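# Notes for the structure review
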Amino acid sequence: MDWGFIFTTSLSSAIGISSIVFCLGAIGLNIQFGYTGLLNFGQAAFLAVAGYGLATTVTTLGLNFWLGIVVGMAATVVLALLLGVPTLRLRADYLAIVTIAAAEILRLTLRSVAFKDTFGGSDGLQQFSDAFYNLNPISPGAYDFGPFKYNEKSWWVIIVGWSLVALWSLLVFLLMRSPFGRVLRGIREDEDAVRSLGKNVYWYKMQALILGGLGGAFAGFMLALGQSAVSPDAYATNLTFLIYVVLIIGGAARVFGPILGALIFSFLFQFVDVVLDQAVNTGVITFMSSTQAAQVRLVMVGVGLMLLMIYRPQGILGDRKELQLDAR
Amino acid sequence: MPDESSTAIQRDAAVAALADLAREPGVAKPDPILIADNVVRRFGGLTAVDVEHVEVQRGAITALIGPNGAGKTTFFNLLTGFDKVDEGSWTYNGKSIEGVPPYKVARMGMVRTFQLTKVLTRLTVIENMRLGATGQRGERLLPSIVKALWRGQEREITERADDLLRRFKLDTKREDFAGSLSGGQRKLLEMARSLMVNPELVMLDEPMAGVNPALTQSLLGHVKDLRELGMSVLFVEHDMDMVRDISDWVIVMAQGKIIAEGPPHEVMADTRVIDAYLGAHHDQSLAQIAVDEGLDVPVEILEADGGDQT
């Protein structure tokens, strides 16, 4: 087994496109779930409307790339309002039910035959990312940087992606140290108490849902641009739950939680995959095929998450004492 | 804390203002801060609250008492906008606040606490306090990003919060998570936090529930202080000693209606009140009541029950 190869591919994956997508998605989810306590189980929908907003504007309608970005963000805000208006007045679990259902409705609509001319059916849309790659100042070629090996396009995505992560983390830091963040954390603890102190809880929850949705929108842009394509099945429910996993590993309600979570999760996800694959190919493991081995890593994600919940429920950056305070 | 003489001034004023009122449900007060008319709330077939008319005097401590299930907390929820009425209207400071959402009611100066204390467990004590201040610039999304815009106001708020924490003797707990406080300390924190809103009318839902006796006196003192600071207090309570000790006026509810009003010692001697708490026939045997109601009761049961056979 080639341990050098295993570590370089795993490290490369840790900073790669999917890691960026998880990280931005988790930053948005952190605003909603970590700080405000909103159970948004439809984060994938926010990624989808942003990605499809961009792709539809550019590919189907033939309009400007930047207009596409604006459309994507506007569509995210509209989605947040649509989900929030009926549910944010109700108990938290209603938002969970509505968001998970809405995300699936959206995905099935995007891949439906009826809208094939607009959204491209199950094939999705391509050829909308030229304007993005034209901005790339890096000349064509493969570049090595330490253990990381990428071509100019991927480096451009990685640079833009992690810059966005930095900007969003800064925004979350600034918001959450302020009285605004204090109101959000108050709502997470007990919204009736916050209401009794004269705060418009409904509006704060709406703002958190929109802000977190916009975080998801940037994840959606990076996913679409990184693959130069949008396809409906990339936005299935499991994307939402992988984003939850990332957030919980890193630690909810922590500014650096999503970053650490994304790095660790992406590294391990790739690491397990390559190790199993090599073990099968070199004959170390004889009782399963490499296709089966690829499924085993999902099992291991589940087991790993269970162990985390048992031994470190607060995540890596969380404070266990904080979690143990009872909500009498 | 105000000294005894000033305490007496405000209390005497409140008692004097209420002294000559008729002892009847719904009596008009000389200077009401809160007036409710025909407030009705039904849960299915059960009418939980059916209050014809009630007024709460400004600057006084008014107790709302009644047996379990009398509708006291529901009435509280209705007045503060946490629950919706089926019928009725009510005014606060002369303005109708029917249908006004709870956060606006609080901003108008009518602040409540909860029967099951609602401290924000994973916020520190001082953060709980700061949250109570209204009109914070830094609580709006865009200004919150620039610290310079709210730093000054935050400092003022923190000073006010620290003063209150000292008054409520919670200053040593300043940096602790509110979730680590004892039940009584949570009650104190909730009361102190509600004062951060600068209320005119403080509504306390069972301030003594679950508080250990050592803290009771201090809590009582704080409630009396509210009156001395010019606030009006309406509170729900079960503890009769507390009601007798601190209230200027008592309103009694039973089965959703207001059945009696008056100064504490008079109300507690009122037969209607005693009946509501203990049942109208608490000194009669059950079998005797059945006979009086015209029911056919077998002789053996009457004998066993010790009732008269008339």
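Definitions and limits used
- Residues numbered from 1 in each chain as written.
- Chains lettered and ligands numbered in written order.
- Predicted model: local features only at pLDDT ≥ 70, side-chain atom pairs only at ≥ 80, totals over all residues.
- Heavy atoms only, no water.
- pLDDT = per-residue confidence, 0-100.
- Helix = DSSP H or I, 4+ residues; strand = E, 2+ residues; numbered from the N terminus.
- Contact = heavy atoms within 4.5 Å.
- Domains from an automatic or database assignment.
- Buried area = accessible area lost by both parts, 1.4 Å probe.
- Salt bridge = Lys/Arg side-chain N within 4 Å of Asp/Glu carboxyl O.
- Polar contact = N/O pair within 3.5 Å; in protein donor to acceptor, adjacent residues only side chain to side chain.
- Nonpolar A, V, L, I, M, F, W, Y, C, P; charged D, E, K, R; others polar.
- Patch = residues over 30% accessible without salt bridge, like charges linked within 9 Å, V, L, I, M, F, W, Y side chains within 5 Å.
- Areas by Shrake-Rupley, 256 points an atom, 1.4 Å probe, with all protein chains shown as cover.
- Lys, Arg positive; Asp, Glu negative; His and termini not counted.
- Charge placed at Lys NZ, Arg CZ, Asp CG, Glu CD.
- Axes fitted to C-alpha atoms, helices over the stretch in contact; angles between N-to-C directions.
- Parallel < 35°, antiparallel > 145°, perpendicular 65-115°, else oblique.
- Left-handed = near helix turned anticlockwise from the far one by under 90°.
- Core = buried A, V, L, I, M, F, W, Y, C linked by side-chain atoms within 4.5 Å.
- Buried < 20%, exposed > 50% of the residue type's maximum accessible area, 1.4 Å probe, protein only.

### Structural notes on the confidence of the model for chain B
All names here are of chain B. The share of residues in chain B with pLDDT of 70 or more is 94%, and the mean pLDDT across the chain is 88. Across chain B, element-level confidence peaks in helix α4 (residues 125-132) with a mean pLDDT of 96 and bottoms out in helix α13 (residues 299-305) with 71. When the criterion is pLDDT under 50, residues 1-5 qualifies, and its contacts beyond four places in sequence or with other chains add up to 7 contacts.

### A word on the domain arrangement of chain B
All names here are of chain B. Considered domain by domain, chain B is made up of domain 1 (4-119 + 181-279), domain 2 (126-178) and domain 3 (281-310). Once you take the C-alpha centre of each, domain 1 and domain 2 turn out to be 28 Å apart. Across the domain 1/domain 2 interface, buried area totals approximately 1600 Å², and carbon plus sulfur atoms make up 69% of it. Our count for the domain 1 to domain 2 interface comes out at 0 salt bridges. Counting the contacts that link domain 1 with domain 2 gives 4 residue pairs in polar contact (both at pLDDT 80 or more). No other element matches helix α7 (residues 183-195), which puts 8 residues into the side of domain 1 that touches domain 2. Residue composition of the side of domain 1 that touches domain 2, grouped by class: 10 nonpolar, 3 polar and 3 charged.

### Brief notes about a positive patch on the surface
The grouping of A:R177, B:K147, B:R151 and B:R155 at the surface amounts to a positive patch. Of note, B:K147 is situated in the loop between α5 (141-145) and α6 (151-167).

### Quick word on the packing of helix α3 (residues 43-60) of chain A against helix α11 (residues 201-227) of chain A
Residue and element names in this part refer to chain A. Close contact between α3 and α11 brings their axes to 7 Å; oriented N to C, the two are set at 55°. Classified by the angle between their axes, α3 and α11 sit oblique to one another. Along this stretch, α3 crosses α11, giving a crossing that reads as right-handed. In this structure, α3 uses Q43, F46, L47, A50, G51 and L54 to contact α11, whose residues at the interface are G212, G213, G216, A217, A219, G220, F221, A224 and L225.

### Description of the side chain of A:S266
Its location among the elements puts A:S266 in helix α13 (residues 257-281). Only 3.2 Å separates the side chain of A:S266 from the side chain of A:S19, close enough to count as a polar contact.

### A word on the nonpolar core
Counting 98 residues, the largest nonpolar core has A:F22, A:L24, A:L54, A:F128, A:V230, A:Y235 and A:F265 as the members making the most contacts within it. Looking at this core, the element that brings in the most residues is α11(A), giving 17 residues. Ignoring sequence-local partners within four residues, the contact set of A:L54 consists of A:F65, A:G68, A:I69, A:G72, A:F128, A:F221 and A:L225. Grouped together as the second largest cluster of nonpolar side chains are 45 residues, B:A178, B:L220, B:V252 and B:M268 included.

### Let's talk about the interface of chain A and chain B
In this assembly, 32 residues from chain A lie in contact with 38 residues from chain B. Where chain A abuts chain B, roughly 3200 Å² becomes buried across the two surfaces, and 60% of that area is made up of carbon and sulfur atoms. On the surface where chain A and chain B come into contact, there are 6 salt bridges. In this structure, A:E189 engages B:R122 in a salt bridge whose closest nitrogen and oxygen atoms are separated by 3.2 Å.

### Remarks on unusual backbone geometry
Unusually for a residue other than glycine, A:Q127 sits at a positive phi of about 55°. Mapped onto the elements, A:Q127 comes out in the loop between β1 (125-126) and α7 (130-134). At B:Q255, a position not held by glycine, the phi torsion is positive, near 50°. Within the secondary structure, B:Q255 sits in the loop between β9 (249-254) and β10 (257-262).

### A few points about the environment of A:S139
When you line up the elements, A:S139 lands in the loop between α7 and β2 (142-145). C-alpha separation for the pair A:S139 and A:N151, spaced 12 residues apart in sequence, amounts to 9.6 Å.

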